[in-house]
Protein chains: 2
Amino acid sequence: MSRPTETRRPLTLRDVSEASGVSEMTVSRVLRNRGDVSETTREKVLQAAKALGYVPNKIAGALASQRVNLVAVIIPSLSNLVFPKVLSSISDELEDTGLQPVVGVTNYSPEKEEQVLYEMLSWRPSGVIIAGLEHTPAARAMLENAGIPVVEIMDVDGEGVDSVVGISHRRAGLHMAEAIIAAGYRRIGFLGSKMPEDHRARKRLEGFQEGLAKAGIELADTEFYAGGSALAKGREMTETILKRTPDLDFLYYSNDMIGAGGLLWCLDQGIDVPGRIGLAGFNGLDLLDGFSVRLATMNACRGEIGRKAAQIIAGRSQSNMIGGEVIELEPVLEPGDTIRKA
Amino acid sequence: MSRPTETRRPLTLRDVSEASGVSEMTVSRVLRNRGDVSETTREKVLQAAKALGYVPNKIAGALASQRVNLVAVIIPSLSNLVFPKVLSSISDELEDTGLQPVVGVTNYSPEKEEQVLYEMLSWRPSGVIIAGLEHTPAARAMLENAGIPVVEIMDVDGEGVDSVVGISHRRAGLHMAEAIIAAGYRRIGFLGSKMPEDHRARKRLEGFQEGLAKAGIELADTEFYAGGSALAKGREMTETILKRTPDLDFLYYSNDMIGAGGLLWCLDQGIDVPGRIGLAGFNGLDLLDGFSVRLATMNACRGEIGRKAAQIIAGRSQSNMIGGEVIELEPVLEPGDTIRKA
DNA sequence: ACCGGCACCGTTATCGCTAACATACGGCGC
DNA sequence: GCGCCGTATGTTAGCGATAACGGTGCCGGT
């Protein structure tokens, strides 16, 4: 009820050691469960620590031991819904390894990414998980020189610094194109975000166009957006593109959220999906489970990506084997109800 | 192209100081922009640091200066969509204060919260922003003894440790009840999550029931869920509750996501909304902008909450004024299209 | 009685950086 | 010339923990 001390000086090991009558070293051993301590002193120490409300100072600990139990996780955005998913699979996997993820957000800006990376590396984490393969030269240099395991995730189309876990967005786009063509669609439009720094979306589009080209087809129209609620944007863009190019018979969206918006708009308009027009998105958001008509999409293996990445970091922080794994996962087409059955 | 050194020993201030021919202290001053350094040496040092690829060690810096530029932000979940929003407003507000948010997630578990808090406090952050007012006794004690500004956010119905920024969920529920009754609805059902630790949802329900009681009405039926895609669950639950109690004329959902699922189901079924049945959710997700029929909801001021909380932390970390502010924000009813006009 | 080994615990020396103080130096006023 | 000030830099002493090693009992074997 009354304050333990007058001026609240933060507690240190010394306080606990004095309170329990043993040396700081022994207290440290007890608190870390490391080294031999008799059961009786262990009890004494724990009791004293609890009574004082002692919280160890990891800053000092990390400096002395040269070990930090943090893993830097750097992603472009939290509002994308994709990334929280990856994040949670990372933290699940890290749960009982003693490692802890720390998140940094770049807003799809390479400069911000460089900043965030610098900031995080200055805490000397035991590993870095970072989205994408495209970084500023300085950022890349930092990753190479950090001397810790680095896992670049989400994308395998390019050269990685160290380990890489992801899917080929190029091939994902290509496969989607093939599926669409196989289903008999020919007048195809693309709708996506304007962000020039979303390399994965760009690669999907490139792969998609390549797939179309193989069948001698070109994109009939495209529409881009920036900012705002993706669902609402999907709705607007769909209306816009169909007004401009009414004979489109398929719309490929760069993500599920705008795809879902487009789907809602089509349903509202009473358009026959997938007869008159087919739709597909990308990501496999479980959000889509809530629609009566299920949008075709491609599962981006987000959970698996996070898990593998975490495993690599955890594995390498124990045994210091030399890394450089590249794990390519295979995205799965989920045809849903918005592509005609062939 | 070739590695700078054979065995890559992490760089220290000493390396930079040797490379630039000045003392470590001067290098430190340059890198922190603190104290007087002549322009010429500043240049020399910066150049050396860049050439070596030096990244400062904040661990050592923090230990020496007893200052850490981190703010712990502790929230129940990242998949709720509400919290990423709060997070981003916090980090926007902190952007140019030199402070940096670090996120911890509790999964709505008080024990996990206690763990995460302990973990974060052991890094000696300059402040804590934590969701909710309900904590374990140990967690509360830690917050009280940490000697740093603490802001509990989202909720004001209860006793805070230090500062509090949020809305009254009890009153939010109550107001929603009044609005619904004013619109002429009488057979009212509630649909929500089963989580016993979601105190804010509980308080909304209590306030809602209180509002109904004032008009001499009781909840006609309730339905709860746990886990899974909220949109899909909303759909299922709505079907279930309406099968069980067909004469309900209003459904109050504990969040917008399940509300949206319910709305989709009603539209699919061709049910007249808001004539035959009214619907309302809670949170004001901008996701809802994408629907042709807009769900009634209540804006929970998430952006404002994050901003104010960050301001309090930032303000107090500069001038050490004594805290204890309580800021109650006023949620706004957004009637949308799913409540009859009175 | 002596020695080796084990279980337990203390001492010392960092870890990389910064606060606080000390020093060097040039210029200025008197 | 002397003292003094201000600027630009160096020196010293920690910050709070841990690694590495050094004791100290106690036991059992010989």
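Remember, it's a predicted structure, so these values are computed and weren't measured experimentally.

With that out of the way, let us pick up the overall build of chain A. Across its full length, chain A holds 12 helices and 12 strands. Computed over C-alpha atoms, the radius of gyration of chain A comes to 26 Å, more than 25% over the 20 Å expected from 2.2 N^0.38 for 342 residues, which places it beyond the range of a compact globule. Taking all contacts inside chain A whose residues are at least 6 apart in sequence as the whole, residues at least 24 apart take part in 67%. Looking at chain A as shown, the accessible area adds up to about 15100 Å², and 51% of this sits on carbon and sulfur atoms. The distance from the centre of the 38 positive side-chain charges to the centre of the 45 negative ones in chain A is 4 Å.

In the neighbourhood of DNA strand D, 25 residues make up the surrounding shell, with Leu13, Ser28, Tyr54 and Arg67 of chain A together with Ser23 of chain B lying closest. When the atoms of DNA strand D within 4 Å of the protein are sorted by group, sugar and phosphate make up 68%. At 2.9 Å from a phosphate oxygen of DNA strand D is found a main-chain nitrogen or oxygen belonging to serine 38 of chain B. A distance of 3.2 Å separates a base oxygen of DNA strand D from a polar backbone atom of alanine 64 of chain B.

Let us now look at the domain arrangement of chain A. Size of an interface, as often reported, equals the accessible area lost when the parts are brought together. Domain annotation of chain A identifies domain 1 (13–56), domain 2 (68–168 + 302–331) and domain 3 (169–300). Between the C-alpha centres of domain 1 of chain A and domain 3 of chain A the distance comes to 61 Å.

A separate point is the protein's contact with DNA strand C. Close contacts around DNA strand C come from 24 residues, with Ser23 and Thr26 of chain A together with Leu13, Ser28 and Tyr54 of chain B the closest. Of all DNA strand C atoms lying within 4 Å of any protein atom, the proportion belonging to sugar or phosphate reaches 71%. Within the contact set of DNA strand C, a phosphate oxygen lies 2.5 Å away from a side-chain nitrogen or oxygen of serine 23 of chain A. At 3.0 Å from a phosphate oxygen of DNA strand C is found a side-chain nitrogen or oxygen belonging to threonine 41 of chain A. Looking at which element gives the most residues to the surface near DNA strand C, the answer is helix α4 (residues 58–65) of chain B, with 4 residues. Each residue belonging to the surface near DNA strand C can be placed in one class, and the counts come to 10 nonpolar, 10 polar and 4 charged.

Quick look at the interface of chain B and chain A now. Counting residues at the interface gives 43 residues for chain B, matched by 43 residues for chain A. Summed over both sides, the interface between chain B and chain A buries roughly 4200 Å², with carbon and sulfur atoms accounting for 62% of that surface. Together, Ile59, Trp123 and Arg124 of chain B form the three largest contributors to the area buried by chain B at its contact with chain A, with a combined 16%. In this structure, lysine 58 of chain B engages glutamate 119 of chain A in a salt bridge whose closest nitrogen and oxygen atoms are separated by 2.9 Å. At the boundary of chain B and chain A, one finds 16 residue pairs in polar contact (both at pLDDT 80 or more). For the side of chain B that touches chain A, the elements supplying multiple residues, two or more each, are α4, α5 (82–94), β2 (100–105), α6 (110–121), α7 (137–145), α10 (230–244) and α11 (256–268) of chain B.

Moving on, we get to the pairing of strand β4 (residues 150–155) of chain A. Both faces of the sheet carry side chains from a regular strand, because those side chains alternate between them. Residue and element names in this part refer to chain A. Summarising burial for β4: 6 of the 6 residues are buried, a large majority. When strand β3 (residues 127–131) meets β4, the two strands line up parallel, connected through 4 bridges. Note on β4: the bridge partner recorded for valine 128 is valine 150. Note: β4 against strand β5 (residues 163–167), 5 bridges, orientation parallel. Opposite valine 151, over in β5, you have serine 163 as the bridge partner.

Here the structure, examined in full by the defined rule, presents 1 cavity of 30 Å³ or more. Here the largest cavity is characterised by a volume of approximately 300 Å³. In terms of lining, the largest cavity is formed by 22 residues, of which the most central are Leu70, Val102 and Trp123 of chain A together with Leu70 and Val102 of chain B. Grouping the amino acids of the lining of the largest cavity by side-chain chemistry returns 18 nonpolar, 2 polar and 2 charged.

The UniProt feature table records "domain: HTH lacI-type" (unreviewed entry) at residues 11–65 of chain A. As a span, residues 11–65 of chain A carries 71% helix and 0% strand, and end to end its C-alpha atoms are 20 Å apart.

It is worth spelling out the relation of the copies chain B and chain A at this point. With an RMSD of 0.1 Å, chain B superimposes on chain A once it is rotated by 180 degrees and translated 0.0 Å along the axis. What the rotation and shift describe, once combined, is the action of a two-fold rotation axis. No C-alpha of chain B approaches the rotation axis more nearly than that of isoleucine 59 of chain B, which lies at 2.8 Å. Taken as a fraction of all interface residues of chain B, those also at the interface in chain A reach 100%, which identifies the copy contact as same-surface.

What follows is about helix α3 (residues 39–52) of chain A. Residues and elements named next belong to chain A. An ideal rise of 1.5 Å per residue puts 20 Å on 14 residues; α3 measures up with 20 Å between its terminal C-alpha atoms. Restricting attention to buried positions, one finds in α3 the residues Thr41, Arg42, Val45, Ala48 and Ala49. Down the axis of α3, the buried side of the element spans an arc of 135 degrees, and every buried residue falls inside it. Away from its buried face by more than 90 degrees, α3 exposes Glu39, Thr40, Gln47, Lys50 and Ala51. After α3 finishes, the residue glycine 53 shows a positive phi value of roughly 75 degrees.

Turning our attention to the pattern of salt bridges. Tallied over the full model, the rule gives 42 salt bridges over all chains. Through salt bridges with shared partners, one network takes in Arg14, Glu18 and Glu24 of chain A.

On to the sheet that holds strand β5 (residues 163–167) of chain B. Residues and elements named next belong to chain B. On the basis of which strands lie adjacent, the open sheet formed by 6 strands has the order β2-β1-β3-β4-β5-β11 and parallel pairing. The sheet is open, and its two edges are formed by β2 and β11 (326–329), each paired on a single side. Sheet twist, expressed as the mean angle between neighbouring strand axes with direction ignored, is 15 degrees. Strand direction decides the pairing type here: strand β1 (residues 70–75) and strand β3 (residues 127–131), joined by 4 bridges, are parallel. Pairing of valine 73 across the sheet is with isoleucine 129, part of β3.

Basis of the calculations
Every chain is numbered independently, its residues counted from 1 as its sequence is written. Whichever chain is written first is A, and whichever ligand is written first is 1; the rest continue in order. For this predicted model, a pLDDT threshold of at least 70 governs which residues receive local features, and a threshold of 80 or more governs which side-chain atom pairs are given and counted, while totals over whole chains, interfaces and linings are taken from all residues. Only hydrogens and water are set aside when side-chain values are computed; all heavy atoms of the structure are taken into account. Helical segments are the DSSP runs of H or I of at least four residues, strand segments are the runs of E of at least two, and each set is numbered from the N terminus. Each radius of gyration is computed over the set of C-alpha atoms, and the globule rule expresses the reference value as 2.2 Å times the number of residues to the power 0.38. Contacts: residue pairs with any heavy atoms within 4.5 Å of one another. Computed with a 1.4 Å probe, the accessible areas rest on the Shrake-Rupley method; for each residue, only the protein chains presented here act as cover. For the purpose of charge, His is not counted, nor are the chain termini; Lys and Arg are scored as positive and Asp and Glu as negative. A single reference atom marks each charge: NZ on Lys, CZ on Arg, CG on Asp, CD on Glu. The nearness test applies per residue and asks whether one of its heavy atoms lies within 4 Å of the molecule or strand. Think of a polar contact as two N or O atoms within 3.5 Å of one another; within protein, one of them needs to be a possible hydrogen donor and the other a possible acceptor, and neighboring residues in sequence only count if both atoms come from side chains. All domain edges in this entry derive from an automatic or database-based domain assignment. Side-chain classes are defined by residue name, with Ala, Val, Leu, Ile, Met, Phe, Trp, Tyr, Cys and Pro counting as nonpolar, Asp, Glu, Lys and Arg as charged, and the others, Gly among them, as polar. Buried area: the accessible area, evaluated with a 1.4 Å probe, that two parts lose upon being put together, summed over both parts. The term salt bridge refers to a side-chain nitrogen of Lys or Arg lying within 4 Å of a carboxyl oxygen of Asp or Glu. Any residue under 20% of the maximum accessible area for its type is buried, any over 50% is exposed, and the rest in between are partly exposed; the area is computed with a 1.4 Å probe on protein chains only. Paired strands, as defined in this entry, are two strands with at least two bridges between them according to DSSP. A cavity, in this analysis, means grid points on a 1 Å lattice covering only the protein atoms where a 1.4 Å probe fits yet has no way out; a pocket is instead an open set bounded by protein on both sides within 12 Å along at least five of seven lines, and a residue lines either one if it has an atom within 4 Å of a point. Grid points are joined across faces, edges and corners, and a volume is the space filled by probe spheres set on the points. UniProt positions are given in the numbering used here, feature names are shortened, and annotations may be inferred rather than shown by experiment. Copy-to-copy alignment: least squares on C-alpha atoms, limited to residues at pLDDT 70 or above in both. One less than the residue count of a helix, multiplied by 1.5 Å, gives the span that helix is expected to have. To be clear, the arc concerns the directions from the helix axis to the C-beta atoms. For every element, the axis is a line fit to its C-alpha atoms; helices are fit only across the contacting stretch, and the angle between N-to-C directions ranges from 0 to 180 degrees.

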